[in-house]
Amino acid sequence: MESHLAVLLPIAAVWLAAGLLADGLPRVDQAYTLRRRAGWLLVLALTGLVLTAAVLTAGLLSPGGAAADRAAAVLDVVALPALVVAACTVRRVRRLWAGAGAFASAPGTPAPHGLRAAAAHPLVGFPLQVTGLLAVPAVIGAAGGDLLAAPGVTGPAITVGAVAVLAMGIRHALRHNRLAERARPEEPARAAWPEEPARPASARAARPLHV
């Protein structure tokens, strides 16, 4: 196995595991389990960020042709989504973990819809899944697979990847909106205006006429 491939495989595995864990997080209906899985997700996200940053930094400092430089050359495609994970996802997952802790005193406590809606926010799972998706062709390229680099394959592969990313984003947005609607408190029923009591005929007859 190539040395740079041995470096990329654990990174891709961490990002893929984080994406899968984040995808199932909104389906958890117990606060204790939600807090535990949010903690796992936080550890995986931080591990992926540390490994990715270490490889990219080593690639900048190492001479051309070194294993770290070759690994960084194929891993630079995940730099942008990893930056979004560092700026947005980590903070949201940490807040989700802390919020679930307030309801996790007993293992059977149900998770509120508000926490599940927060777990389904697009900035939680979407950047992790995009990072994992982009890490796959990086590993394939490091393994020596030139199939994706063929002239007749590159265009369709990019199109399929873009459609997959768009579908994931739409799915996350729809699921978040659905759970957010459940978490919204019900508005109290508006009281009807009391109807004006009908006046007796004698009162109507006694009303003076204006000339």
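Criteria and thresholds
Residues numbered from 1 in each chain as written. Predicted model: local features only at pLDDT ≥ 70, side-chain atom pairs only at ≥ 80, totals over all residues. Heavy atoms only, no water. Helix = DSSP H or I, 4+ residues; strand = E, 2+ residues; numbered from the N terminus. Buried < 20%, exposed > 50% of the residue type's maximum accessible area, 1.4 Å probe, protein only. Areas by Shrake-Rupley, 256 points an atom, 1.4 Å probe, with all protein chains shown as cover. Axes fitted to C-alpha atoms, helices over the stretch in contact; angles between N-to-C directions. Left-handed = near helix turned anticlockwise from the far one by under 90°. Contact = heavy atoms within 4.5 Å. Nonpolar A, V, L, I, M, F, W, Y, C, P; charged D, E, K, R; others polar. Salt bridge = Lys/Arg side-chain N within 4 Å of Asp/Glu carboxyl O. Phe/Tyr/Trp six-rings, centres within 6.5 Å; stacked < 30°, edge-to-face > 60°. Lys NZ or Arg CZ within 6 Å of the ring centre and 35° of its normal. Expected span 1.5 Å × (residues − 1). Core = buried A, V, L, I, M, F, W, Y, C linked by side-chain atoms within 4.5 Å. pLDDT = per-residue confidence, 0-100.

Caption draft 1: Quick peek at the overall build of the chain. Scanning the chain for helices and strands turns up eight helices and zero strands. From first element to last, N terminus to C terminus, the chain shows the α and β order α-α-α-α-α-α-α-α. Out of the 211 residues in the chain, the part that is buried amounts to 32%. Accessible surface computed for the chain: about 12,700 Å², of which carbon and sulfur atoms make up 67%.

Caption draft 2: Here's a closer look at the packing of helix α4 (residues 79-101) against helix α6 (residues 122-142). Packing of α4 against α6 leaves a shortest axis separation of 8 Å and a crossing angle of 145 degrees. In terms of crossing hand, the pair formed by α4 and α6 is left-handed. Packed against α4, whose contacting residues are P81, A82, V84, V85, C88, T89, R92 and V93, the element α6 presents L123, V124, P127, L128, V130, T131 and L134 at the interface. Here the residues of the contact of α4 with α6 are counted per class, giving 12 nonpolar, two polar and one charged.

Caption draft 3: Broad picture of the pattern of salt bridges. This model, assessed by the stated rule, comprises three salt bridges. We note a salt bridge from R171 to D23, for which the minimum N-O separation is 2.5 Å. Of the two residues, R171 sits in helix α7 (residues 151-183) while D23 sits in helix α1 (residues 3-24), which places them 148 residues apart along the sequence. Exposure remark for R171: the relative accessible area of 39% places this residue in the partly exposed category. A salt bridge links D23 to R175, with the nearest nitrogen and oxygen atoms 3.8 Å apart. Note that D23 is positioned in helix α1 and R175 in helix α7, a separation of 152 residues in sequence. When sorted by exposure, D23 lands in the same class as R175, which is buried.

Caption draft 4: Highlighting the packing of aromatic side chains. For the structure shown, the criterion picks out zero aromatic pairs. Across from the ring centre of W97, 4.0 Å away, lies the NZ or CZ of R35, which sits over that ring.

Caption draft 5: Fine view of α6. Counted at 1.5 Å a residue, the expected span for α6 with its 21 residues is 30 Å, and the 30 Å between its end C-alpha atoms agrees. Along α6, the residues that are buried comprise V124, G125, P127, L128, Q129, V130, T131, G132, A135, A138, V139 and A142.

Caption draft 6: Just the nonpolar core, in detail. Ranked by internal contacts, the top residues of the largest apolar core, which has 35 residues, are W15, L34, L41, V85, L96 and L128. Where this core is concerned, the elements lending two or more residues are α1, α2 (31-61), α3 (67-75), α4, α5 (113-119) and α6. Looking at this core, the element that brings in the most residues is α1, giving eight residues.

Caption draft 7: Region of interest: the confidence of the model for the chain. Overall, the predicted model of the chain reaches an average pLDDT of 81, with 78% of residues at or above 70. Here helix α8 (residues 201-206) stands out as the element of the chain with the lowest mean pLDDT, 49, in contrast to α4, whose mean of 93 is the highest.

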